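# Per-entry structural report
Take a look at the letters that make up each chain.
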Amino acid sequence: MKKTIVGILTLALLGLLANASTLDTTKATTTWTAYKTEAKTPVGGTFDDIKYKFGKKTDSIAGLLEGASATIDPLKVNLGDSVKNKNVKDFFFSHFKKGGIKVTFKNVIEGKDQGTILAVVRMNEKSVKVPMQYTIADGKFTATGVIDILEFALNDAFKKLAVGCHDLHEGLTWSQVAISFSAPIK
């Protein structure tokens, strides 16, 4: 009788693990959306050089994301437009202190098709904790949060971007930037 119960429990556990959701990390993407003009017109982009490192526990989304990190070369910015790329690179990212951008996920809480993550964003040699919310819908995991550029001691770089793009931004460059990480569910 004991062997039968142990066998049933083992099969049930294997069934749960087989149905556990995780992420297809080979198709992970990181994007950002900055804003310009009084109408808060979005300007979206990504980076062409992002190195991801994921957690060792691949049996759940939380296990995969806890301690995961992304290391980003900000000079490889990609807005899908060579003029915008040059402006953002020359007026903003080239004024960073050394070190690039690094994002590390901590305190991942996994609920039913939603959860939270604390992203520690290191940029310009300053770290800021950024709360992110995530959802799972239509076979896709998407985590979003908002950073404020001025929290990273980037006031001078931000001013250079605002002045350099003054006419293109109709006199207003917002310091808030939406950040997003996504990957398909597998």
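Before reading on, note that the structure itself is shown above.
Here, residues in each chain are numbered from 1, in the same order as that chain's written sequence. The predicted nature of this model means local features are confined to residues of pLDDT at least 70 and side-chain atom pairs, given and counted, to a pLDDT of 80 or more, with totals for whole chains, interfaces and linings taken over all residues. Side-chain numbers come from the whole structure's heavy atoms, not from hydrogens or water.

## Structural notes on the nonpolar core
How we decide: Side-chain atoms within 4.5 Å are what join buried Ala, Val, Leu, Ile, Met, Phe, Trp, Tyr and Cys residues into a set we call a nonpolar core. Partly exposed residues are those whose accessible area sits between 20% and 50% of the maximum for their type, while under 20% is buried and over 50% is exposed, using a 1.4 Å probe and protein chains only. Helix numbers and strand numbers start at the N terminus; a helix is a DSSP run of H or I with at least 4 residues, a strand a run of E with at least 2. Should any heavy atoms of two residues lie within 4.5 Å, those residues are considered in contact.
Ranked by internal contacts, the top residues of the largest apolar core, which has 47 residues, are Leu-65, Phe-105, Ile-117 and Phe-141. The greatest single-element share of this core, amounting to five residues, is contributed by strand β8 (residues 126-137). Dropping the residues within four chain positions of it, Leu-65 is found in contact with Leu-23, Phe-54, Phe-105, Val-108, Ile-117, Phe-141 and Phe-181.

## What about the pairing of strand β7 (residues 114-123)?
Stated precisely, the cut-off is as follows: Strands pair, by our definition, only if DSSP identifies at least two bridges between them.
Alignment of strand β6 (residues 101-110) against β7, held across eight bridges, turns out to be antiparallel. Each residue of the ladder has a partner; that of Lys-106, found in β7, is Leu-118. Direction of pairing for β7 relative to β8: antiparallel, over a ladder of ten bridges. Counterpart to Leu-118 in the pairing with β8 is Pro-131. As consecutive antiparallel partners, β7 and β8 are separated by two residues, and within that stretch Asn-124 has a phi angle of approximately 55 degrees, a positive value.

## Details of the sheet that holds β7
Spatially, ten strands are ordered β3-β4-β6-β7-β8-β9-β10-β1-β2-β5 in an open sheet, and the strand pairing comes out antiparallel. Where the open sheet ends on each side, the last strands, each with one partner, are β3 (50-53) and β5 (77-78).

## As for the pairing of strand β1 (residues 29-36)
Where β1 lies against strand β10 (residues 176-184), five bridges are found, and the strand directions are antiparallel. Note that in β10 the partner of Thr-30 across the bridge is Phe-181. Judged from the five bridges that link them, β1 and strand β2 (residues 41-47) form a sheet pairing that is antiparallel. The residue bridging Ala-34 from the neighbouring strand is Val-43, located in β2. Taken together, β1 and the strand that follows it, β2, pair antiparallel across an intervening segment of four residues, in which Thr-37 is found at a positive phi of about 70 degrees.

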